[in-house]
Amino acid sequence: MKRNILVTGGAGFIGSHLVRLLVNKYPKYHIINMDFLTYAGNLENLKDVEHKENYSFTKCDICDFKKVKQVFLDYKIDSVIHLAAESHVDRSIEDPFSFAQTNVMGTLSLLQAAKSYWNGNFNNKVFYHVSTDEVYGSLGDEGLFTENTNYDPHSPYSASKASSDHFVRAYSDTYGLPIIISNCSNNYGSFQFPEKLIPLFINNIINNKPLPVYGKGENVRDWLFVKDHARAIDLILHKGKLGDTYNIGGFNEWKNIDLIKVIIKKVDRILGREEGSSEKLITYVTDRAGHDLRYAIDSSKLKNELGWEPSLQFEEGIEKTIKWYLDNKDWMDNVTSGEYQDYYNKIYN
Ligand code: NAD
Ligand code: DAU
């Protein structure tokens, strides 16, 4: 079947992996990447697919309702995979307004454009909203987030994502819009902007810069290789049940400080330094405000109903990731020039 799929945020970290997968796997689909190219969006991430016939890029702010509606018309959009967002928790603490604007109002603008363009004809249509496990709040030492866990967001970022999830469900309940939501745990891999823990720390180890560990480093995150997230989205898009929610996670929990020590050892070894010698760079800093203690996803629904499982063991995924950042120094230099330095000084100094 031919499809015209609008991917929002396709120039970002997860979006670029998803666009690459869809463009290469489905030559008959037309993949339209709508991205406003904020600091986190980078067309360099898509160099290898930008000339493909089944790929188009349109620079557009998802909050610009008029322009978004025009894109639906121009490209005859029948499916939306919505990833565009402000995605970094620390930035949301500094500037909550832009998170409400992009994540809530931007999602609303897309929902309304889809509703208006599809105009009640929902055959073979889907609005797929990509969300996060952070909407569920924080776990103690025990338990996992399931699809039935109550929402309990704590940061402006997670509150804005929770709000967008509610709007998506409201459009299903009120207008019958065919929707799917997935909530995923922390992703890692290539092309991630180095404000996030893993690429930030790899870059700082390379450059012998302090490694700012929030609090005591005891917070726990459940890490998933980004290509496995993209595979899960592809599967859910094609086989998921309309109206349903799917949790995506790797059953791969790490205490921050343990993860950091593994990364240090591996980067040291690859750089020919004494293994573990960069632990001297670890610097405990003031904790993130409202820092959630533990996230852990139960993705058994996705496994039992659709047969999805992570393809990579963490050991292999993190090795690949570290090597990618070491081999792509130009990419790192490009994204860390300019305004990145101002951000860094503001957050860490
Ligand atoms: P990212 O910050 O790397 O990319 C976000 C993209 O959205 C960028 O390309 C940016 O230019 C674009 N964008 C931002 N504002 C826009 C606007 N107003 N209009 C159009 N485009 C805009 O984010 P990511 O880590 O790839 O996350 C993608 C999605 O997945 C987000 O919705 C996020 O909440 C969700 N998510 C992320 C993770 C993770 O670990 N990174 C985990 C679960 C869910
Ligand atoms: O769980 C999914 C979420 O994962 C996504 O929805 C978000 O978009 C994504 O940014 C990520 O959020 P986190 O806040 O968990 O990721 P981050 O990489 O910012 O931080 C991971 C952990 O490391 C967290 O406990 C905070 C800690 N940390 C982070 C940074 C940047 C530090 O100790 N020092 C740091 O400098």
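Residues numbered from 1 in each chain as written. Chains lettered and ligands numbered in written order. Predicted model: local features only at pLDDT ≥ 70, side-chain atom pairs only at ≥ 80, totals over all residues. Heavy atoms only, no water.

Novice: An account of the site of ligand 2 is needed here, citing residue identities and associated values.
Specialist: If you check the shell around ligand 2, you find 26 residues, and the closest are T132, D133, Y157, R288 and Y348. Contact between ligand 2 and R221: an oxygen atom at 2.8 Å from a side-chain N or O atom of the residue. Relative to its unbound accessible surface of 680 Å², ligand 2 loses 95% to contact with the protein. Where the shell around ligand 2 is concerned, the elements lending two or more residues are α3 (89-94), α6 (197-206) and β8 (211-214). In the shell around ligand 2, the residues fall into 11 nonpolar, 8 polar and 7 charged. (Near = heavy atom within 4 Å. Polar contact = N/O pair within 3.5 Å; in protein donor to acceptor, adjacent residues only side chain to side chain. Areas by Shrake-Rupley, 256 points an atom, 1.4 Å probe, with all protein chains shown as cover. Helix = DSSP H or I, 4+ residues; strand = E, 2+ residues; numbered from the N terminus. Nonpolar A, V, L, I, M, F, W, Y, C, P; charged D, E, K, R; others polar.)

Novice: With reference to specific residues and values, describe the site of ligand 1.
Specialist: For ligand 1, the set of nearby residues contains 28 residues, the closest of which are I14, D35, S87, Y157 and K161. In this structure, I62 approaches ligand 1 through a main-chain N or O atom, which is 3.0 Å from a nitrogen atom. Between ligand 1 and L83 there is a distance of 2.9 Å, counted from an oxygen atom to a backbone nitrogen or oxygen. Here ligand 1 loses 96% of its free accessible area of 830 Å² to cover by the protein chains. For the shell around ligand 1, the elements supplying multiple residues, two or more each, are α1 (13-25), β5 (126-132), α5 (156-175) and β7 (186-188). The leading source of residues in the shell around ligand 1 is β5, at 3 residues. Residue classes in the shell around ligand 1 are distributed as 14 nonpolar, 11 polar and 3 charged.

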